[in-house]
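Here's the letter readout for the chains.
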Amino acid sequence: MKLSENTKVSAKLLALAASMLVFAIFVMPPLYDAFCEITGLNGKTGGRYEAVPAAIDTSRSITVQFVASNNDNMPWRFSPSVMSVEVHPGEVMDTVFLAFNPTARDMVGQAIPSLVPFKAAEYFHKTECFCFNQQILKAGEKAELPLRFIVDPEIPSNVNTITLSYTLFDVTERISKNTDKNKAVSAREG
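Note that the structure is a prediction, hence the values are computed from the model and not measured. Per-chain numbering applies: the sequence of each chain, read as written, is numbered from 1 onward. Per-residue local features of the predicted model are confined to residues with pLDDT of at least 70, and side-chain atom pairs are confined, for both listing and counting, to 80 or more; whole-chain, interface and lining totals are unaffected and use all residues. Hydrogens and water molecules were not included; the side-chain quantities draw on all heavy atoms of the structure.

Draft legend 1. Looking closely at the sheet that holds strand β8 (residues 142–151). Taken together, the 4 strands give an open sheet; going across it, the order is β2-β4-β8-β6, and neighbouring strands pair in antiparallel fashion. Each edge of the open sheet carries a strand with a single partner, namely β2 (77–80) and β6 (124–129). Taking the axes of each pair of neighbouring strands and ignoring which way they run, one obtains an average angle of 25 degrees across the sheet. Judged from the 4 bridges that link them, β2 and strand β4 (residues 92–100) form a sheet pairing that is antiparallel. Directly across from Pro 80, in β4, lies its bridge partner Phe 97. In this analysis, strands are considered paired if DSSP registers two or more bridges between them. Only DSSP runs of H or I reaching four residues or more are called helices, and only runs of E reaching two or more are called strands; each is numbered from the N terminus. Fitting a line to C-alpha atoms yields each axis, with helices limited to the stretch in contact; the angle taken between N-to-C directions then spans 0 to 180 degrees.

Structure, rendered in structure tokens:
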């Protein structure tokens, strides 16, 4: 049986669309993350940093500004306790962000950091950060979310200001779906 020209073209287009979907879902995100990590693009900051003793460079000061915003679906009040701090490279700095769940239900939030200028990302080290874990706040509950960081003394001399911003996302539904899925798997295995 001979296929018509339209059927051949349709099959090729369908195969192309399927391969594009596979690329976008499975290949592109890890490539993007690797690219951002290598170039510092998107201001992605790394995970937890283990501090090593280093001399504090008291000859210079860097202003670290803090910005907090909510994703459209996140009703919490979320803000830094201070808008900025002056820090000497190598100095350990502590601050907190404030969160309040004004809703009538328990919720889970996840903060995603971003840092500018992008080239400063590799010199900004968080040793403790609320962004490492999801934050659970009961209805009406308030929390102080800790952040401890060090600006590496090797930061380029032309970087005088760093802006660290967090976007807070509501991940309550995703957590409850995963919990329900885990309970179902446990019930089948048990």
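Continuing now.
Draft legend 2. The arrangement of the nonpolar core in detail. By nonpolar core is meant a set of buried Ala, Val, Leu, Ile, Met, Phe, Trp, Tyr and Cys residues that side-chain atoms within 4.5 Å join together. Buried residues are those whose accessible area, probed at 1.4 Å on protein chains only, stays under 20% of the maximum for their type, while exposed residues exceed 50% and partly exposed ones sit between those limits. Judged by nonpolar contacts, the single largest core of 33 residues is most densely connected at Val 64, Phe 149, Val 151, Ile 162 and Tyr 166. Listed by contribution, the elements that provide at least two residues to this core are β1 (62–70), β3 (84–87), β4, β5 (107–116), β6, β8 and β9 (161–170). A per-element tally of this core places β8 first, with 5 residues.

Draft legend 3. How the structure looks around unusual backbone geometry. Cis rather than trans, the peptide bond between Val 116 and Pro 117 has omega equal to 0 degrees. Its location among the elements puts Pro 117 in the loop between β5 and β6.

Draft legend 4. Examining the environment of Asp 72 more closely. With respect to the secondary-structure elements, Asp 72 resides in the loop between β1 and β2. The spatial distance from the C-alpha of Asp 72 to the C-alpha of Leu 168 is 9.3 Å, given a sequence separation of 96 residues.

Draft legend 5. Examining the pattern of salt bridges more closely. Basic side-chain nitrogens of Lys or Arg form a salt bridge, by our definition, when they fall within 4 Å of a carboxyl oxygen of Asp or Glu. All told, the structure shown has 2 salt bridges when counted by the stated rule. The salt bridge partner of Asp 94 is Arg 148, with a shortest N-O separation of 2.6 Å. Here the residue Asp 94 occupies a position in strand β4, and Arg 148 occupies one in strand β8, the gap between them amounting to 54 residues. A relative accessible area of 43% places Asp 94 in the partly exposed class. Arg 105 serves as the salt-bridge partner of Asp 170, at 3.5 Å between the closest nitrogen and oxygen. Residue Asp 170 is located in strand β9, and its partner Arg 105 is located in the loop between β4 and β5; the two are separated by 65 residues in the primary sequence.

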